[in-house]
Each structure stands twice: as C-alpha cells, then as structure tokens.
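Residue-level listing of the chains:
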Amino acid sequence: MKSKFLQNFLSETGDISRFTARFFAEAFRPRYELSEFLKQCFFIGYKSLPLVAITAFIMGLVITIQSRPTLVEFGAEAWLPKMVSVSLVREIAPVITALICAGKVGSGIGAELGSMKVTEQIDAMEVSGTNPFKYLVATRVLAATLTIPILVVLADAVSLYGGYLGANIHGVVSWDLFWNQVFDTLAFSDIIPSILKTFFFGFAIGIIGCYKGYNSNKGTEGVGRSANSAVVISSLLVFILDLLAVQIIDLLKLT
Amino acid sequence: MIAQAQLNNRIDTTNDMPVIQLSHVYKSFGSNRVLQDFTFDLKKGENVVVLGKSGSGKSVLIKCIIGLIKPDSGTINVLGQNIPDLNHSQLDKIRAKVGFLFQSNALYDSMTVRENLEFPLRRHRANMTTNQIDELVREALNSVGLEHTVDMTPSELSGGMKKRIALARTLILKPEIILYDEPTTGLDPITGKEISNLMCELAKKYNTSSIVISHDLNCVKIVADKIVMLIDGKCYAQGSYEDLQTSDDEKIKLFFK
C-alpha cells in the first residue's frame, strides 16, 4: 500500500517535471500566441481582481483588529501600523492572494483544459497541425506567472487600507501618521523578496492547473477530478514554496 | 471467404499512387490486441470506408494514421513519410495536408464559428491577409451551406450544423486526405444522408482521398468506393459495397443483414 502510494507520487512528480521541462522548451520559441496570452492575462488578472481585493481588505482589517488588544496590553499600540504592514506585505497578502488564485485560477484552468481534453478539442488542435501545448499551456502558465504578482501588489495596497480602517475602529490614527509609519517600516528587503516569491506561486498555480487539465481522462468525472486536484496540489505547493522562500531569504540575510 | 482476395475497385477516376500505405501495423492496449498485422493502401482520389464492430479498433486505426496514437510496430506511410518516425514539427507539416473529422466534432467551445475556421489558417497560412482569410472562411462555410452561422458559437448550433462546421474546418486548409471518424453517428437519417452526400460532393470539389469510419450502411452506400472490413484486428476483406453485400462469408453477412 505504502509502496504503491510512493510509486504514484514519484511517477506524478516525474510527469509534472517533464511537463514543466516541455513548457520551457516550447514557451520561448516562435510562434508566440500573443492574443491568447493577453486574453488569459485578462481572465486571470482582471477577473480575479474583485475577489482578491475583497479578501485582502478583510484580511487587513481583521489582522489589525485582532492584533490591537495584544499590543495595547504591552503599551505598544503605536506600533500597530508597523506590525500590521510587515505581516501583510511579507506574508499574509502574498500567500492569501496565491491561495485565492489557486482556487479560482487553478480550478478554472484545470476544468477548462480537462473538458477540452475529454471532448477531443485538444486532439483537434493537434491534428490540425497547430501546437496545443503552446496555445493552451504556455499562454496560461505565463499569464499566471506574470499577473499573480501584480494582484499581490494590489492586494498589499488594499490590505493596508483595510489595516488603516481597522486601526481607526477602536482608536484614532490619522491617515498621514498611519502611512508614514507604514513606509518608515517597510524596506525594499520586505517588498522585493515577497513579490519575487509570488512569481513562483503564479508559475506553480499555472503549471499544475494546466498539467491536471491537459492530462485529464475518464470523461466528465475526470474533469471534476482534474479541477479538484489542481486546487489541492497548487495550494500545497504555495505553502511549500513559501517555506522555501522564507528559508532562502533568511539564509541570505535579506531581512 | 473473400479474405485477402482483393476485389476490383469500381472507381475509374483514381490513379494507382497510394497516398496512405499501412504495412503490418500492430497496436495493443495491455492485453487487448486491437490491430494485428493490418495492411492496407488508400489510392489517390479513393474514398474507403472501414467497417467493423464497436471496439474493433477503427478509431485507433485512423488515430495511428494521423499520429495521435503510436503503433507498436509496422509502417504507416502518409504522403511518402512514415508517421511513427516523424517528430512534432514534421508531423505538423503532414497534418496540414490531412484533415480529420472527429465523431464528437471537437469544435472549440470558446470560439465563434469564424474563429474555429480561422484557427488552423492563422497558423498554417501566416502570410495571408485578413481579407484573404475572410474569403476562405466564407468559401468553406458556403461549401457546407452555413454562411449565416459565421458569428455563432458552437453551443448555438444543432448537431447537423456542428457536423457541417467541423467539416468546413477540416476543409479550410484544402487537405489532400480526409479521415472521417463516424461522421453520421448521432444524426437523424435525413441529416445523416445530407452529410454523406456533402462528403461526396466535397471529395469531388476538392479532389480529396478519404478514409471513413462508419457503422451507418446508408452512409457507407453513398460514400464508399471501397469497403475494408476490420475484423479481429486485421483487414479481413475488402471490396465494393455490392461485392461485400453478396458475400457468403458469415462474418461479413452480419454487417449487411
């Protein structure tokens, strides 16, 4: 039983690695599917914006409200904007945004490509002599890799605004004071690594969604399973990549 | 048994040069032997129907020809090139000359009819202007009698219309060979007959050779210059509709009852 699980795990890891290698081999060679890439940027980026913004706003608000009593206990209420901004920018906004995208984008890509696979649309592209991998996979993975970091920057801004409102629910912090403290606290060493890691989050979400959809089988049941496992695996990968990123940042003494 | 004794081909317009040659093709899925020593030629201008029971490997056969499935052994020579030996880009060049009509039509759901037809054109005729592409799209839709559907999406079309659009998409690159996978399955008899007649008209108009997978005897009767019986993974018999219909072989008789 255990050996079967291990065998499946290793086999799946090998397949995903080969799929990723094929992405790098195909994505940067002409012909470039620019219009499909822009369309995917619109779907992945623009269409996810309201969900990401609402989630980020609530996270900023809630983190501020939850942190305040502890800081008040130590007489450190004035540190609230500093603490909240560091937690949001370094960790909470990137990870929460990536998880939201793993759910929305990963499942969307998995289900879309999965249904194209089972209805032979991918085969139809293949037999018409066009490269479905380039058209479907390369564009979606690149779009996810490039738009998720932009969503994270927006989520950072919106969550900090939520933090400002949260700080003013039980206390009074002026607009200028809040933002002065936020920008005094945040350094490039907080912002750059946290954004850099989101490129990897985006890539992982895109590649897993595409892998699961592109290799979907067993009819409509398979499509559901592809969408589901795309979300589960990409969410797990987001946490694993985050852990690695934190370790690397720590080792390089970037914080 | 007619077996290997190949019967006379009733079409006079074909020339003898085969555009597809399958020689000793084997394909298995696990212990299920689908194709066993399958050998057959398709001559230029010929329309051949492959007849066989469900699950006998007919679709596997044409998927091997187009390179979607790799055979275990044997040669599949299409327009002078052995398909199993080709890499991706070589296959793409051959595929531009071989059309494939899927049983499920496989129209791209997220695209309009125009975009479905433009999709292969924009990739294989990159030097064409938008006006030239529009002209070809109009011509292809006109040949299947559905010019008015150009801005519709596949979900707005009936089963017969989808089949015609899929046929138009197959024809748009002006292929030399067309492979049809059960073109009339799921259609009512009248629409099925219309599609079969359309296939014949288009074969004449575009001078194509074709392999048709079908169970529909009405379609077979209209389309076939020659019928190949795929039984037990082998080319069991081949001949014209009339030849096979009057055969004494029990296995062949079952199909024409």
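Here, every reference points to the structure presented above.
Residues numbered from 1 in each chain as written. Chains lettered and ligands numbered in written order. Predicted model: local features only at pLDDT ≥ 70, side-chain atom pairs only at ≥ 80, totals over all residues. Heavy atoms only, no water.

Undergrad: Teacher, can you tell me more about the sheet that holds strand β1 (residues 18–29) of chain B here?
TA: Within a sheet, adjacent strands bond to each other through the backbone by hydrogen bonds, running parallel or antiparallel. Residues and elements named next belong to chain B. Pairing in this open sheet of four strands is antiparallel, and the strands run β2-β1-β4-β5 from one edge to the other. Every other strand in the sheet has two partners, leaving β2 (32–43) and β5 (81–82) as the edge strands with one partner each. Bridge count between β1 and β2: eight bridges; the pairing is antiparallel. What sits directly across from Val 25, in β2, is Phe 38. (Pairing = 2+ DSSP bridges. Helix = DSSP H or I, 4+ residues; strand = E, 2+ residues; numbered from the N terminus.)

Undergrad: In this structure, what is going on with the interface of chain A and chain B? I would like to understand it.
TA: Many authors give the size of an interface as the accessible area that is lost as the parts come together. Contacts between chain A and chain B engage 15 residues on the former and 22 residues on the latter. Surface buried jointly by chain A and chain B totals about 1700 Å² across both partners, of which 54% is contributed by carbon and sulfur atoms. Put simply, chain A and chain B have three salt bridges between them. Where A:Glu33 meets B:Arg123, a salt bridge forms, and the shortest distance between an N and an O atom there is 2.8 Å. On the surface where chain A and chain B come into contact, there are nine residue pairs in polar contact (both at pLDDT 80 or more). With six residues, helix α5 (residues 121–127) of chain A is the single largest residue contributor to the side of chain A that touches chain B. (Contact = heavy atoms within 4.5 Å. Buried area = accessible area lost by both parts, 1.4 Å probe. Salt bridge = Lys/Arg side-chain N within 4 Å of Asp/Glu carboxyl O. Polar contact = N/O pair within 3.5 Å; in protein donor to acceptor, adjacent residues only side chain to side chain.)

Undergrad: Sorry if this is basic, but what is going on with the pairing of strand β10 (residues 234–239) of chain B here?
TA: Along a regular strand, successive side chains alternate from one face of the sheet to the other. All names here are of chain B. Most of β10 is tucked away, with five of its six residues classed as buried. Note: strand β9 (residues 226–231) against β10, five bridges, orientation antiparallel. Among the inter-strand pairings, Leu 230 is bridged to a residue of β10, identified as Cys 235. Connecting β9 to the antiparallel partner β10 that follows it, the hairpin turn spans two residues, and Asp 232 within it adopts a positive phi of roughly 55°. (Buried < 20%, exposed > 50% of the residue type's maximum accessible area, 1.4 Å probe, protein only.)

Undergrad: Hey, could you run me through helix α1 (residues 58–66) of chain B in this one?
TA: Residues separated by three or four positions in an α-helix point in the same direction, a consequence of the helix having 3.6 residues per turn. All names here are of chain B. Across the nine residues of α1, eight count as buried, placing the element largely inside the fold. Buried residues of α1: Lys 58, Val 60, Leu 61, Ile 62, Lys 63, Cys 64, Ile 65 and Ile 66, and no others. Count one or two residues on from α1 and you reach Gly 67, which has phi positive near 90°.

Undergrad: What is the right way to read helix α2 (residues 34–44) of chain A from this model?
TA: Residues and elements named next belong to chain A. Glu 36, Phe 37, Gln 40, Cys 41 and Ile 44 are the residues of α2 that are buried. Along the axis of α2, the buried residues cluster in a sector spanning 145°; they form a single face. Among the exposed residues of α2, those oriented more than 90 degrees off its buried face are Leu 34 and Ser 35. The inward-facing, buried residues of α2 abut α4 (80–118) and α6 (132–170). (Arc of directions from axis to C-beta.)

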